[in-house]
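Chains, contacts and geometry: an overview
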Amino acid sequence: MEVQQPTPDELLNIYYFLKLTRGLEQRVITLYRQGKIVGGVYLGTGEEAIAVGSAVALEPDDVIAPTHRDLGANLIKGITPKEYMAQYLAKQTGLTRGRDGNVHFGDITRGIVGFISPMADLLPVAAGVGLTFKLRRERRVVAAFFGDGASSRGDFHEAMNLAAVLKLPVIFICHNNQYAYSTPLSRQMAIEHVADRAKAYGMPGVSVDGNDVLAVRAAVSLAAARARAGEGPSLVEGKTMRMRGHSENDDASYVPPTLIEEWRKRDPIDRFVTYLEDQKILDDASAKAIDDRIAREIEEAVLFAESSPPPDAKNLLDGVYAS
């Protein structure tokens, strides 16, 4: 199978979503430090290429089951900066209407399965979505995201095994960001690549540079084509690095500073900018236009969220129980 190369406009769209993801999350850090966000803040700094590269490889009707590191995929599927900011500020205009103040959101009408905190819990759900597509004989696929630590859990095994046996159209996408909270890879698995786990289930597994957005896009495109052809699931591992703590209240002091610096030189956005400039697709003027648009959208999102009303206790049970 041959991967269709992105057009210049598609490449600039990828640049936009990479920069928008980073910009929104940086603003969330500021709001958190100002005490405007109560609760945990979980970011994907340094891992944006996996979420964005995967989502742009999918078709509009496909479904994602994202983690707390996949803001870029959520944005591509239609979550707006205003909704995202209102969600973190626990406002009524947020995706959970103020009932949650961080990352436990989704919107199935836009093809986003709501995030569940215990890592890998979403993988059996994604397998169920894939089973639905197969029973309906639809050409849709579901992309299920998880971290390296989640690949050591039982629900990872159950989802992979079920998807492989039934040849479900699921793409398992791993953020191998080197640490499961504070546990390094060497203490959680005796294999070199998370993708090596795929062979045991009878599905293909591929390990790619998770800081190369086009490499991720290519791998997920091939996996999606395979799934649509009825050939079953695939495992795509993106090797990357979590550049901040597990959450913003974690200083990541257990990570060697030299390792952080080594990965900082491989920043996915900086590398993509260099590629676009080398290809004469991005210049100072076009970069400024996109960056100005992003800055404006972030400011508008913050103003929207801060001016939105808090949740009304009268509506607390709306949508919780069947009526």
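Residue numbers here run from 1 along each chain, matching the order of that chain's written sequence. Local features are withheld for residues below a pLDDT of 70 in this predicted model, meaning they are given only at 70 or higher, and side-chain atom pairs are given and counted only at 80 or more; totals for whole chains, interfaces and linings count all residues. Side-chain numbers here rest on the full set of heavy atoms in the structure, without hydrogens or water.

Helix numbers and strand numbers start at the N terminus; a helix is a DSSP run of H or I with at least 4 residues, a strand a run of E with at least 2. Along the polypeptide, Leu-24 turns up in helix 1 (residues 8-33). For Leu-24, a relative accessible area of 0% translates into the label buried. Separated by 229 residues in the primary sequence, Leu-24 and Ser-253 have C-alpha atoms spaced 25 Å apart. What makes two residues a contact is simply this: any of their non-hydrogen atoms within 4.5 Å. In contact with Leu-24, not counting residues within four places along its chain, are Leu-71, Leu-75, Pro-81, Tyr-84, Met-85 and Ile-298. The rule is simple: take the accessible area with a 1.4 Å probe, protein chains only, and divide by the maximum for that residue type; under 20% is buried, over 50% is exposed, in between is partly exposed.

Okay, the pattern of salt bridges next. For this analysis, a salt bridge means a side-chain nitrogen from Lys or Arg found within 4 Å of a carboxyl oxygen belonging to Asp or Glu. Scanning the entire structure with this criterion turns up 21 salt bridges. Close ionic contact of Asp-209 with Arg-266 constitutes a salt bridge, the shortest N to O distance being 4.0 Å. Pair noted here: Asp-209 is in strand 6 (residues 205-209) and Arg-266 is in the loop between helix 8 (257-264) and helix 9 (268-278), with a separation of 57 residues, a long-range link. The exposure class assigned to Arg-266 is partly exposed, which follows from its relative accessible area of 29%. Two residues, Arg-293 and Glu-297, come together in a salt bridge whose shortest N-O distance is 3.0 Å. Taken together, the residues span about one helical turn, with Arg-293 and Glu-297 both in helix 10 (residues 284-307) at a distance of four residues. You can call Arg-293 partly exposed: its relative accessible area is 37%. You can call Glu-297 buried: its relative accessible area is 18%. Sharing partners across several salt bridges, the network here consists of Arg-22, Glu-48 and Asp-267.

It is worth spelling out the packing of helix 1 against helix 9 at this point. Here an axis means a line fitted to C-alpha atoms, over the contact stretch when the element is a helix, while the angle between two N-to-C directions is reported on a 0 to 180 degree scale. Orientation of helix 1 relative to helix 9, taken along the N-to-C sense of each, is 155 degrees, at an axis distance of 11 Å. In terms of orientation, helix 1 lies roughly antiparallel with respect to helix 9. Helix 1 and helix 9 meet at a crossing whose hand is left-handed. Listed contacts from helix 9 to Leu-11, Ile-14, Tyr-15, Leu-18, Lys-19 and Arg-22 of helix 1 are Pro-268, Ile-269, Phe-272, Val-273, Tyr-275 and Leu-276. Here is the rule for angles: anything less than 35 degrees is roughly parallel, anything more than 145 is roughly antiparallel, 65 through 115 is roughly perpendicular, and the remaining ranges are oblique. Handedness of each helix crossing follows the sense of rotation of the near helix against the far helix: counterclockwise by less than a right angle gives left-handed, clockwise gives right-handed.

Right, let's talk about a nonpolar patch on the surface for a bit. Together, Leu-131, Leu-135, Leu-162, Val-165 and Leu-166 make up a nonpolar patch on the protein surface, roughly 440 Å² of accessible area in all. Of all the secondary-structure elements, those providing two or more residues to the nonpolar patch are helix 5 (122-135) and helix 6 (154-165). You can see Leu-162 is positioned in helix 6. Think of a patch as exposed residues, more than 30% relative accessible area, with no salt bridge, where like charges cluster within 9 Å and nonpolar side chains (Val, Leu, Ile, Met, Phe, Trp, Tyr) cluster within 5 Å. Surface accessibility in these figures is a Shrake-Rupley result with a 1.4 Å probe; residues are shielded only by whichever protein chains are displayed.

Our focus in this paragraph is the nonpolar core. Buried together is how nonpolar side chains tend to be arranged in soluble globular proteins. Nonpolar core, defined: a set of buried Ala, Val, Leu, Ile, Met, Phe, Trp, Tyr and Cys residues in which side-chain atoms within 4.5 Å join the residues together. Counting residues in each nonpolar core, the largest one holds 95 residues, and the members touching the most others are Ile-171, Phe-172 and Phe-272. When residues in this core are grouped by element, the largest group, twelve residues, is from helix 1. Dropping the residues within four chain positions of it, Phe-172 is found in contact with Leu-123, Ala-144, Phe-146, Ala-159, Met-160, Ala-163, Met-203, Pro-233, Ser-234, Leu-235 and Val-236. Counting seven residues, the second-largest nonpolar core is a separate cluster that includes Tyr-179, Met-241, Met-243 and Ala-252.

Glancing now at the packing of aromatic side chains. For Phe, Tyr and Trp, where Trp contributes only its six-membered ring, two rings pair if their centres lie within 6.5 Å, and the inter-plane angle classes them as stacked under 30 degrees, edge-to-face over 60, or tilted in between. Going through the model one piece at a time under the given rule, you end up with six aromatic pairs. When the ring of Tyr-84 is compared with that of Tyr-88, the centres are 5.5 Å apart and the planes differ by 85 degrees; the resulting orientation is edge-to-face. Note that Tyr-84 and Tyr-88 are positioned in helix 4 (residues 81-88) at a spacing of four residues, about one turn of the helix. For Tyr-84, a relative accessible area of 3% gives the class buried. Take Tyr-88: its relative accessible area is 1%, and that puts it in the buried class. Ring plane angle 55 degrees and centroid distance 5.4 Å describe the contact between Phe-146 and Phe-156, whose orientation is recorded as tilted. One end of the pair, Phe-146, is in strand 2 (residues 142-147); the other, Phe-156, is in helix 6, with ten residues separating them in the sequence.

The element strand 2 is extensively covered by neighbouring structure, given that six of its six residues are classed as buried. Along strand 2, one buried face is formed by Val-142, Ala-144 and Phe-146 and the opposite face, lined by Ala-143, Phe-145 and Gly-147, is buried too. Here, a strand pair is defined by DSSP locating no fewer than two bridges between the strands. The pairing of strand 1 (residues 63-65) with strand 2 spans three bridges and is parallel. Of the residues in strand 2, the one forming a bridge with Ile-64 is Ala-143. Note: strand 2 against strand 3 (residues 170-176), six bridges, orientation parallel. In the sheet register, Gly-147 faces strand 3, and the bridge partner there is His-175. One crossover worth recording links strand 2 to the parallel strand 3 by way of helix 6, and it is right-handed. Throughout, right-handed denotes a crossover for which the path from the first strand over the helix to the second runs clockwise when the strands point away from the viewer.

Let us look at unusual backbone geometry. For residues besides glycine, phi is generally negative; the peptide bonds are generally trans as well. A positive phi angle, close to 55 degrees, is found at Ala-90, a residue other than glycine. Mapped onto the elements, Ala-90 comes out in the loop between helix 4 and helix 5. Classification of Ala-90 as partly exposed rests on a relative accessible area of 25%. Here the phi dihedral of Ala-252 falls at roughly 55 degrees; this positive angle occurs in a residue that is not glycine. Within the secondary structure, Ala-252 sits in the loop between strand 7 (234-239) and helix 8. Its relative accessible area of 14% is what places Ala-252 among the buried residues.

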